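Spelled out from the first residue to the last, the chains are:
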Protein chains: 2
Amino acid sequence: MSKIGLLGCGTVGTGVYEIINERKGNFFEENNYKIKKILVRDASRKREGIPGELLTDNPDDILNDDEISLIIAVMGSYEQEYPAIKKALQLKKNVVTANKEIISKHMEELLGLAKENGVTILFEASVGGGIPIIESIIDTIKINKINKVQGILNGTTNFILSKMTKEELDFDEVLKVAQDMGFAEADPTADVDGFDISRKLTILSSLCYGAYIDNDDIYTRTVRNITLSDIQAADDFGYVFKYMAESELYDDNTFGASVTPVLIGKDSVTSNVNDEYNVVSINGNIIGQLSFLGRGAGKEATANAVVADVIKVLTKSVHDYTHLKFENEYKSCGIERYKNKFYLRVSIKDEVEFAKTIDIVYRNIENVNLSYEDGKVFLITDELTGEFMSTLCDRLSHVTEDVFYARIIDNIL
Amino acid sequence: MSKIGLLGCGTVGTGVYEIINERKGNFFEENNYKIKKILVRDASRKREGIPGELLTDNPDDILNDDEISLIIAVMGSYEQEYPAIKKALQLKKNVVTANKEIISKHMEELLGLAKENGVTILFEASVGGGIPIIESIIDTIKINKINKVQGILNGTTNFILSKMTKEELDFDEVLKVAQDMGFAEADPTADVDGFDISRKLTILSSLCYGAYIDNDDIYTRTVRNITLSDIQAADDFGYVFKYMAESELYDDNTFGASVTPVLIGKDSVTSNVNDEYNVVSINGNIIGQLSFLGRGAGKEATANAVVADVIKVLTKSVHDYTHLKFENEYKSCGIERYKNKFYLRVSIKDEVEFAKTIDIVYRNIENVNLSYEDGKVFLITDELTGEFMSTLCDRLSHVTEDVFYARIIDNIL
């Protein structure tokens, strides 16, 4: 009973198949672990390098096969995989999955179900592609209390921002390039509006804090509104734009969590994490800051993370995830606690709008670093609360529709 | 039989004791794992927070105690710890150590001895302080062939270089500050001449390549010769100085390994790893580059790594290190393969030396980016081999004694 069932044969599934089968004399061959069946939508379609007799379009062919003790779920479909994963655990099969939607919504339930049935579920590939961040968190919380998670968790949007910066292109242009390269989806919403990232932040934060951090408590702003002029202005001010996921646990048992475009100093490590690379930093009370950097997207990186989990299950060298508790109850304090400098851009049509903008700015903010170019006012504020900034932008929006702001994070590694 | 023996009660030992004892309701209390005895040089001297009856100055009190199943070796002494570790393994006790000298010299022997006796030896804290790099390498090589290791592996010298850069101080000044802060040893040789780093590089490279990479095959240059003028010149050319450990495995089964001062571009991640932080990057054929960043020195970080290993032993969730083989035989190709741009500084006393220097440079190197200030010629060369550069500097040393050069690494993340 050491056969593997693979759900999904898309990009990641093919990558997993290749790693398991195509390296000779490796772990899988030595131990005679094999992929016995593969669930696909159309079993009659031929796939290069994969024997047709492995393919099936019926999940029960895999779930009800007693020889299969491990399911790899990499279809990327919530509707198809969630019931299949539950059923697999109930049938005492181990599960390895890359599906962040399922894990972010049902981590606690699925870990409990695994425990009940004496098996395990691992999901390293659900966050940060090839970066072994989840195992590192599990190791770290055995000794530390983690109070902060911060990271660039989406390869597509980091690629877009990097390319905008390097090649001086506007957002939509680069998005189109990324789509043509197959690097961004035809419908890019999940990536560019932060849903993908906030799911990952839910998973990481819940593990770090031992409390379920609800996706709804993560303040999320799209990255779409960053223009080339913003990137150039930020550069002049000494900053770089990144699409940052962050959560922090405060001493009074409240937390704040956000996915927002931010500006960070050029001389930080994080500002130089470019292209498809992801970075995740955690902060423990004893260990201090640990950061992990690697490819956050792509067939190989994700498949590598999946197969690493598979090996852990098969060698039983599993960090016991199923003992994890999410008993702590922390309340979201929203973004109230954030007090930061802000970057602000106001597009103006004429002198009247300019005068009104300047008037509002100087009446509300004491120290301002301001510049003007091509019908746009750019400025860096003093330290302000998010609330204050939001109110200020409301006021400015009565002058002109095109107002954009972003937090500045100064104390980042 | 679940008691722990601690060899050493210096900075790291005290840190380990505190983590194990002072967090209430944690892993050690819950499972009733306790430190039973502590080996110190002078058992009569009182130590704050540590009961006197735990102390002994006789290693056999610990090694011959059947109740003690795990030895933590953190004395930092080769002579005392090497026989103790061997004896502990022979007596079927597990060992966790931070001693990089012992591990770099005897990793293969000690892993074999552990295997023979059905126990294990873990040594995460021997490299990179709190960074979980060894576990990550062991995980990565299960799937990948690693062909490169690169990193900043010494907190003391990274602190010195960072402080020289930020505060415009010379090497000796900062070294003195670091010594006064207890951050550098009174005899700084091991740190600043690269012996500490080359031991760590031996450990990492041997694990990555499955071959014993002898310390003698690591080309090592001191970091002492970097002056403030070098740092400022590098800055003008767009670079930052780092003390870099690197090894690379080539397709023809040769390897090159070095510990040298290098210049890297300001817009890289690595150039912004400052102060006591370490970074380690590995390159796998499937996963691509993975980088790990954290505190490389200090009581807490190192103690955290030691205790993490202890927990792995006690929960038996050990990655099986004892199966590791070092069977591959790779030959060192020295630094022959390196072909890089170089930074060169030549200090000159007068016009004659200046003319001679310029003459030698332009007769030997085609494209040069050169500047002159305060009796010093600074330049960046074309791509050259290390051999060529070494010969050139020999020639220049007939003109003036004060010649310094360093490689430029352009393709670093």
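Residues numbered from 1 in each chain as written. Chains lettered and ligands numbered in written order. Predicted model: local features only at pLDDT ≥ 70, side-chain atom pairs only at ≥ 80, totals over all residues. Heavy atoms only, no water.

Q: Before we go on, may I ask you to explain the sheet that holds strand β4 (residues 68–73) of chain A in this structure?
A: Consider a sheet: its strands pair through backbone hydrogen bonds, and that pairing is either parallel or antiparallel. Residue and element names in this part refer to chain A. Pairing is parallel across the open sheet formed by six strands, whose spatial order is β3-β2-β1-β4-β5-β6. Only two strands of the sheet have a single neighbouring strand rather than two, namely β3 (55–56) and β6 (121–122). Where strand β5 (residues 94–97) lies against β6, two bridges are found, and the strand directions are parallel. Bridge assignment links valine 96 to a residue of β6, and that residue is leucine 122. (Pairing = 2+ DSSP bridges. Helix = DSSP H or I, 4+ residues; strand = E, 2+ residues; numbered from the N terminus.)

Q: Help me out: how do you make sense of the pairing of β4 of chain A in this one?
A: Where a strand is regular, its side chains alternate between the two sheet faces. All names here are of chain A. Extensive coverage of β4 is indicated by the burial of six of its six residues. As defined by bridge partners, strand β1 (residues 3–7) adjoins β4 across five bridges and the pair is classed as parallel. Its bridge partner being in β4, leucine 7 is matched across the sheet by alanine 73. In this view, the connection linking β4 to its parallel neighbour β5 by way of helix α4 (residues 78–90) has right-handed handedness. (Buried < 20%, exposed > 50% of the residue type's maximum accessible area, 1.4 Å probe, protein only. Right-handed = clockwise from strand over helix to strand, strands pointing away.)

Q: What am I meant to see in the UniProt feature "domain: Homoserine dehydrogenase catalytic" (unreviewed entry) in chain A here?
A: Per the UniProt record, "domain: Homoserine dehydrogenase catalytic" (unreviewed entry) is found at residues 132–311 of chain A. Taken as a whole, residues 132–311 of chain A contains 41% helix and 27% strand, while its terminal C-alpha atoms sit 14 Å from one another. (UniProt positions renumbered as here; feature names shortened; annotations may be inferred.)

Q: What is the right way to look at the interface of chain A and chain B in this model?
A: Many descriptions give the size of an interface as the accessible area lost when the pieces come together. Taken residue by residue, the interface counts 39 residues in chain A and 39 residues in chain B. Across the chain A/chain B interface, buried area totals approximately 3,300 Å², and carbon plus sulfur atoms make up 61% of it. The largest contributions to the chain A side of the interface with chain B come from Ile143, Ile286 and Leu293 of chain A, which together make up 18% of the buried area. There are two salt bridges connecting chain A and chain B. Between aspartate 139 of chain A and lysine 312 of chain B there is a salt bridge, with the nearest N and O atoms lying 3.7 Å from each other. Seen at the junction of chain A and chain B, the total is four residue pairs in polar contact (both at pLDDT 80 or more). Only α6 (133–140), β12 (288–295) and α12 (299–314) of chain A provide two or more residues apiece to the side of chain A that touches chain B. By residue number, the principal contributor to the side of chain A that touches chain B is β12 of chain A, which donates eight residues. (Contact = heavy atoms within 4.5 Å. Buried area = accessible area lost by both parts, 1.4 Å probe. Salt bridge = Lys/Arg side-chain N within 4 Å of Asp/Glu carboxyl O. Polar contact = N/O pair within 3.5 Å; in protein donor to acceptor, adjacent residues only side chain to side chain.)

Q: Any chance you could explain the side chain of asparagine 278 of chain B here in plain terms?
A: As for its placement among the helices and strands, asparagine 278 of chain B is situated in strand β11 (residues 277–284). The contact partners of asparagine 278 of chain B, leaving out residues within four places of it in the chain, are Gly128, Ile131, Ile152, Leu153, Asn154, Gly155, Val273, Phe292, Leu293, Gly294 and Gly296 of chain B.

Q: I tried to follow the relation of the copies chain A and chain B on my own but got confused; where do I start?
A: Two copies of one chain are present, and they are related through a rotation about an axis combined with an axial shift. Rotating chain A by 180 degrees and translating it 0.0 Å along the rotation axis places it on chain B, where the RMSD comes to 0.0 Å. Taken together, the rotation and translation relating the two chain copies correspond to the operation of a two-fold axis. Comparing interface residues between copies, 100% of those in chain A also lie at the interface in chain B; the contact surface is shared. (Least-squares fit on C-alpha atoms with pLDDT ≥ 70 in both.)

Q: Any chance you could explain the sheet that holds strand β5 (residues 94–97) of chain B here in plain terms?
A: All names here are of chain B. The strand order across the open sheet built from six strands is β3-β2-β1-β4-β5-β6, with neighbouring strands paired in parallel fashion. Where the open sheet ends on each side, the last strands, each with one partner, are β3 (55–56) and β6 (121–122). The pairing of strand β1 (residues 3–7) with strand β2 (residues 34–39) spans five bridges and is parallel. Following the sheet pairing, glycine 5 is matched in β2 by lysine 37. On the sheet, helix α4 (residues 78–90) packs against β1, β4 (68–73), β5 and β6 and is oriented at approximately 150 degrees with respect to β5. (Axes fitted to C-alpha atoms, helices over the stretch in contact; angles between N-to-C directions.)

Q: Help me understand the pattern of salt bridges, please; the structure alone is not making it clear to me.
A: Pairing is possible between side chains that carry opposite charge, provided their charged atoms lie close to one another. Residues and elements named next belong to chain A. All told, the structure shown has 52 salt bridges over all chains when counted by the stated rule. For lysine 341, the salt bridge goes to aspartate 410, with nearest N and O atoms at 3.6 Å. Taken together, the residues lysine 341 in strand β14 (residues 339–347) and aspartate 410 in the segment after β18 (403–409) connect sequence positions 69 residues apart. Residues participating in the shared-partner salt-bridge network are Lys36, Lys37, Asp65 and Glu67.

Q: How should the domain arrangement of chain A be read in this particular structure?
A: Residues and elements named next belong to chain A. Domain annotation for chain A reports domain 1 (3–122), domain 2 (133–295 + 322–332) and domain 3 (339–409). Domain 2 puts 21 residues into the contact, and the matching count from domain 3 is 15 residues. For the domain 2 and domain 3 pair, buried surface summed over both sides reaches about 1,400 Å², with 58% attributable to carbon and sulfur atoms. Among the residues of domain 2 in contact with domain 3, Arg221, Phe237 and Leu263 are the three that bury the most area, contributing 38% of the side total. (Domains from an automatic or database assignment.)

Q: So what exactly am I meant to see when it comes to the UniProt feature "binding site: L-homoserine" (unreviewed entry) in chain A here?
A: All names here are of chain A. In the UniProt entry, the feature "binding site: L-homoserine" (unreviewed entry) is given for Glu185. Tracing the sequence through the fold places glutamate 185 in the loop between α8 (171–180) and α9 (189–192). Classification of glutamate 185 as exposed rests on a relative accessible area of 52%. Residues within four places of glutamate 185 in sequence aside, it is in contact with Gln179 and Asp191.

Q: Hey, could you run me through the packing of helix α7 (residues 155–167) of chain B against helix α8 (residues 171–180) of chain B in this one?
A: Any two packed helices are characterised by how steeply their axes cross, that is the angle between the axes, and by the distance between the axes. Residues and elements named next belong to chain B. One can describe the packing of α7 onto α8 by two numbers: an axis separation of 9 Å at closest approach and a directional angle of 125 degrees. Here α7 lies oblique to α8, going by the angle between them. Here α7 and α8 pass one another in a crossing that is right-handed. For the pair α7 and α8, the contacting residues are Phe159, Ile160, Lys163 and Met164 in the first and Phe171, Val174, Leu175, Val177 and Ala178 in the second. Of the residues in the contact of α7 with α8, the class split is eight nonpolar, no polar and one charged. (Parallel < 35°, antiparallel > 145°, perpendicular 65-115°, else oblique. Left-handed = near helix turned anticlockwise from the far one by under 90°. Nonpolar A, V, L, I, M, F, W, Y, C, P; charged D, E, K, R; others polar.)

Q: Sorry, what's going on with the packing of aromatic side chains here?
A: Geometrically, a pair of aromatic rings is defined through the distance of the ring centres and the angle of the planes. Residues and elements named next belong to chain A. Throughout the structure, instances matching the rule amount to 21 aromatic pairs over all chains. Pairing phenylalanine 354 with tyrosine 372 gives two aromatic rings, centres 5.4 Å apart and planes at 85 degrees, and the pair type is edge-to-face. Placement of the pair is phenylalanine 354 in helix α13 (residues 351–364) and tyrosine 372 in strand β15 (residues 369–373), with a sequence separation of 18 residues. The class of phenylalanine 354 is partly exposed, set by a relative accessible area of 30%. Accessibility expressed as a relative area gives 46% for tyrosine 372, which makes it partly exposed. Ring pairing ties together the aromatic residues Phe27, Phe28 and Tyr33, which thus form one cluster. In this structure, lysine 105 packs its charged tip against the face of tyrosine 78, placed 4.7 Å from the ring centre. When the ring centre of tyrosine 405 is taken as reference, the NZ or CZ atom of arginine 221 above it lies at 4.2 Å. (Phe/Tyr/Trp six-rings, centres within 6.5 Å; stacked < 30°, edge-to-face > 60°. Lys NZ or Arg CZ within 6 Å of the ring centre and 35° of its normal.)

Q: Explain the pairing of β14 of chain A to me, please; I cannot follow it from the model alone.
A: All names here are of chain A. With seven of nine residues buried, β14 lies mostly within the body of the structure. Taken together, the six bridges between β14 and β18 define a ladder with antiparallel strand orientation. Its bridge partner lying in β18, lysine 341 is registered against isoleucine 408. As judged from the five bridges shared by β14 and strand β16 (residues 376–380), these two strands associate in the antiparallel manner. Each residue of the ladder has a partner; that of leucine 344, found in β16, is leucine 379.

Q: Is there a simple way to think about empty space enclosed by the protein in this case?
A: Gaps left between atoms are located by rolling a probe of water-molecule size over the structure's atoms. Taken as a whole and judged by the stated rule, the model has eight cavities of 30 Å³ or more. What lines the largest cavity is a set of 20 residues, among which Asp139 and Thr140 of chain A together with Pro132, Ala308 and Lys312 of chain B lie closest to the centre. Secondary-structure elements contributing two or more residues to the lining of the largest cavity are α6 of chain A together with α6 (133–141) and α12 (299–314) of chain B. Residue contributions to the lining of the largest cavity peak at five residues, all from α12 of chain B. The residue makeup of the lining of the largest cavity, split by class, is eight nonpolar, five polar and seven charged. What the second largest cavity holds in volume is close to 150 Å³. Looking at the lining of the second largest cavity, the elements with two or more residues in it are α12 of chain A together with α6 of chain B. Considering each element in turn, the lining of the second largest cavity owes the most residues, five residues, to α12 of chain A. (1 Å grid on protein atoms, 1.4 Å probe; cavity = no way out; pocket = protein on both sides within 12 Å on 5 of 7 lines; lining within 4 Å. Points joined across faces, edges and corners; volume = space filled by probe spheres on them.)

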